[in-house]
Amino acid sequence: MTALKPAAPKSTADARRPNAHYVARGRLAAAVTHLCVIIDVLLSIFPFYWLIVMSTSTTGEIFGYPPKLTVGSSFAENVRSVVSSVDLLQALVNTIIVSTASAALVMFFDSLAAFAFAKFDFPGKKPLFILLIATMLVPGSLSLVPSFILMSELGWVGTLQALIVPGAANAFGIFLLRQMAAGSIPDELVESARIDGAGFFTTYWRVGVPLLRGGLAFLGIFTFITAWNDYVWPLIVLVDPERQTLQTALQNLNSLYLTDYGMVMAGALISVVPLIGVFIIGSRHFIANIAAGAIKG
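Keep in mind it's a predicted model, so treat the numbers as computed, not measured. (Residues numbered from 1 in each chain as written. Predicted model: local features only at pLDDT ≥ 70, side-chain atom pairs only at ≥ 80, totals over all residues. Heavy atoms only, no water.)

## A look at the overall build of the chain
Put simply, the test is: The helix and strand labels rest on DSSP assignments: H or I over at least four residues marks a helix, E over at least two residues marks a strand, and numbering proceeds from the N terminus. We call a residue buried when its accessible area falls under 20% of the maximum for its residue type, exposed when it is over 50%, and partly exposed in between, using a 1.4 Å probe and counting protein chains only. Here the Shrake-Rupley method, with its probe set to 1.4 Å, supplies the accessible areas, and only the displayed protein chains count as covering residues.
A tally of helices and strands in the chain yields 15 helices and 0 strands. Counting over 297 residues, the chain shows a buried share of 30%. As presented, the chain carries roughly 19,000 Å² of accessible surface, and 68% of it is formed by carbon and sulfur atoms.

Following this line, the structure appears as structure tokens:
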């Protein structure tokens, strides 16, 4: 009777060689993931593409059947109609001033308050922070009438500072940056700055701001886009046609009886293009600082 021989042990290379079944499953999962990402990207881009199609078409082409999915040839005519109907350049300048000033003030005051809440102790710190968070629960529409009365008492009705100053700080930005400062700014750095004789503002500027660049970039982009797209408050407080922002000026393109939708879409496209540029520029700094923080962590 022949004795059974033990199986020869597998070599190290054979042991490390992945199973073909698991390789196939991994490739299938990667393919499905990429397909889902591609579909999501196409669904996200389609509204912008559709805006371009409508802004380059006439009203008849927009409402035609079947829907037209190719870029038209009426963009120049629609833009001329927009320029002749509203003071587009002045509205664009006003909007840039309001959005830039609002973003700069929010980044400064919110980061200043967030750094104080995160790294310093002072009387009433917790009650003040709770009160600050509670203001986020109040609908913004409730403050329209009191804000208008205050602007009227200050003599700011019809001026751009009525759009800038009330939004110079907000609870959302303070809460966001406070959470980031609590986790990303080591207490040792703050204590070292104190030992070196640095005051609060010097510590904030040299220690806090460099470590909060990612959050500041996000907050700046968010505030800029919010101020750019704001419609209700400028419509209420701006009574001078020369002080209109882009959104209130474009609202004048809508007629009571007949609306040229090609012209309206061209105006909407003009208002969207600067936002895309700001997002691309700002998001590069945001992503770079987030990546740097991840590497350091």
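## Side note on the packing of aromatic side chains
Heads up, the rule is: When the centres of two rings from Phe, Tyr and Trp lie within 6.5 Å, Trp using its six-membered ring, the rings pair. Their planes under 30 degrees apart give stacked, over 60 give edge-to-face, and anything left gives tilted. Criterion for a charge above a ring: Lys NZ or Arg CZ within 6 Å of the ring centre, and within 35 degrees of the ring normal.
The full count for this structure, using the stated rule, is 17 aromatic pairs. Their ring planes at 50° and their centres at 5.7 Å tell us that Phe201 and Tyr204 sit as a pair that is tilted. A residue pair is termed a helical-turn pair when its members lie 3 or 4 positions apart in one helix, as Phe201 and Tyr204 do in helix 11 (residues 200–211) at 3 residues. Judged by relative accessible area, which is 2%, Tyr204 ranks as buried. Members of the aromatic cluster, connected to one another through ring pairs, are Phe108, Phe109, Phe115, Phe120, Phe200, Phe201, Tyr204 and Trp205. The aromatic ring of Phe129 is capped on one face by Arg178, whose charged end is 4.9 Å from the ring centroid.

## Describing the pattern of salt bridges
Pairing between side chains of opposite charge can happen when their charged atoms approach one another. The line we're drawing: For this document, the term salt bridge refers to a Lys or Arg side-chain nitrogen within 4 Å of an Asp or Glu carboxyl oxygen.
Within the structure shown, the criterion is met by 3 salt bridges. Residue Asp187 pairs with Lys119 through a salt bridge whose shortest N-O separation is 2.8 Å. Placement of Asp187 in helix 10 (residues 187–195) and of Lys119 in helix 5 (residues 88–119) is noted, with a sequence separation of 68 residues between them. Given the relative accessible area of 47%, Asp187 is considered partly exposed. Classification of Lys119 by relative accessible area gives buried; the value is 12%. Of the charged contacts in the structure, one is a salt bridge between Glu191 and Arg194, with a shortest N-O distance of 3.1 Å.

## Re the packing of helix 5 against helix 9 (residues 171–184)
This is how the line gets drawn: Helix axes use the C-alpha atoms of the stretch in contact, all axes being lines fitted to C-alpha atoms, and the angles between their N-to-C directions lie in the range 0 to 180 degrees. Oblique is the label for every angle not falling under 35 degrees (roughly parallel), over 145 degrees (roughly antiparallel), or within 65 to 115 degrees (roughly perpendicular). Should the near helix be turned counterclockwise from the far one by less than a right angle, the crossing is left-handed, whereas a clockwise turn marks it as right-handed. Contact between two residues is taken to exist if any of their heavy atoms lie within 4.5 Å; hydrogens are not considered. Amino acids outside the nonpolar list (Ala, Val, Leu, Ile, Met, Phe, Trp, Tyr, Cys, Pro) and the charged list (Asp, Glu, Lys, Arg) are all regarded as polar, and Gly is one of them.
Packing of helix 5 against helix 9 brings their axes to within 8 Å, and their N-to-C directions diverge by 45°. Taken as axis vectors, helix 5 and helix 9 run oblique relative to one another. Where helix 5 crosses over helix 9, the two elements pack in a sense that is right-handed. Packed against helix 5, whose contacting residues are Asp110, Ser111, Ala113, Ala114, Phe117, Ala118 and Lys119, the element helix 9 presents Gly173, Ile174, Leu177, Arg178, Ala181 and Ala182 at the interface. Residue composition of the contact of helix 5 with helix 9, grouped by class: 8 nonpolar, 2 polar and 3 charged.

## Digging into the nonpolar core
Rules: To define a nonpolar core, start from buried Ala, Val, Leu, Ile, Met, Phe, Trp, Tyr and Cys residues and group those joined through side-chain atoms within 4.5 Å.
Among the nonpolar cores identified, the biggest contains 20 residues, and Val82, Leu88, Leu246 and Leu253 are the most heavily contacted of them. Take this core: its biggest share by element is 6 residues, from helix 15 (residues 261–296). If sequence neighbours within four positions are ignored, Leu253 has contacts with Val82, Ser85, Val86, Thr259, Met263 and Val264.

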